[in-house]
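Here is what each chain is made of, one letter per residue.
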Amino acid sequence: MKTFRTIALCTALSLTVPAGGALAQALSRDVGVPLQDAQRLASQGNTSAAAAKVKAARSAADTSAERRKVAEMSAYVNTASGNYTAAARDLESIGAPASRLAPIYYQAGNFDKAIALGKQMGGDTGNKIVAQSYIKQGNYQAAADLYTQLIEQNGPRQDLLENLASAQFKMD
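The shown structure was predicted, so the numbers you read here are calculated from the model rather than taken from an experiment. (Residues numbered from 1 in each chain as written. Predicted model: local features only at pLDDT ≥ 70, side-chain atom pairs only at ≥ 80, totals over all residues. Heavy atoms only, no water.)

**A short note on the nonpolar core**
Thought 1: The biggest cluster of nonpolar side chains holds 18 residues, and the ones touching the most others in it are L91, L101, I104, Y105 and L117.
Thought 2: Of all the elements in the fold, those that place two or more residues in this core are α5 (64-80), α6 (84-93), α7 (98-108) and α8 (111-121).
Thought 3: Ranked by residues supplied to this core, first place goes to α7 with six residues.
Thought 4: Excluding anything up to four places from it in sequence, Y105 contacts A88, E92, N110, K113, A114 and L117.
Thought 5: Core analysis: the second largest hydrophobic core is formed by 15 residues, V130, A131, A144 and L150 among them. (Core = buried A, V, L, I, M, F, W, Y, C linked by side-chain atoms within 4.5 Å. Buried < 20%, exposed > 50% of the residue type's maximum accessible area, 1.4 Å probe, protein only. Helix = DSSP H or I, 4+ residues; strand = E, 2+ residues; numbered from the N terminus. Contact = heavy atoms within 4.5 Å.)

And the structure:
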């Protein structure tokens, strides 16, 4: 679903290295420069070169702050290249919250994990990830039940009604 690909990419984009401030100062030049290069290259679509820069930064990372930033940039590069499983692994290594992991696991096609994390998230976004994962697994009744619940809570919004209709259509 395009919405969850966008959420996954936005999640990864939120992990970029800041240009200034205390955190940027905490990174050594041997880590910060390759990460900035990786960000630039990935945003230009050159994810192979970006991955090489991340690898260089990873080998130079000495502190926990540097290793965290390397993992975040690796997740960004992996998401940009469509390698969602590797991106999720990167984020899990730094203890990312369910709100960052669920959309990435959905994109990776790991629907069981997306469901578990979506349930942890709760709210509209978490429940939509759960419902769409149910659809991908062929559990149309569970998806329809969840969309019905979302409609009862949020009113008859077009996206919810369309997704409910889609789940119900597939049950027949």
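Once the structure has been displayed, the description carries forward.
**Digging into the environment of E92**
Thought 1: Mapping E92 onto the fold places it in helix α6.
Thought 2: Here the alpha-carbon distance between E92 and A71, two residues 21 residues apart in the chain, equals 9.3 Å.
Thought 3: E92 has contacts with L101, Y105 and K113, leaving out every residue within four places of it along the chain.

**Focus: the environment of R29**
Thought 1: Looking at the element boundaries, R29 is found in helix α3 (residues 29-43).
Thought 2: Using a relative accessible area of 68% as the deciding quantity, one classes R29 as exposed.
Thought 3: For the pair R29 and A60, spaced 31 residues apart in sequence, the C-alpha separation works out to 9.4 Å.

**What about the pattern of salt bridges?**
Thought 1: Scanning the model with the defined rule gives eight salt bridges in all.
Thought 2: The closest approach of N and O atoms between D37 and R40, which form a salt bridge, is 3.7 Å. With D37 and R40 both in helix α3, this residue pair falls three residues apart, about one helical turn.
Thought 3: Each of D124, K128, R157 and D159 takes part in a single network of salt bridges with overlapping partners. (Salt bridge = Lys/Arg side-chain N within 4 Å of Asp/Glu carboxyl O.)

Note that every value here comes from positions in space, so none of it alone points to a role or purpose.
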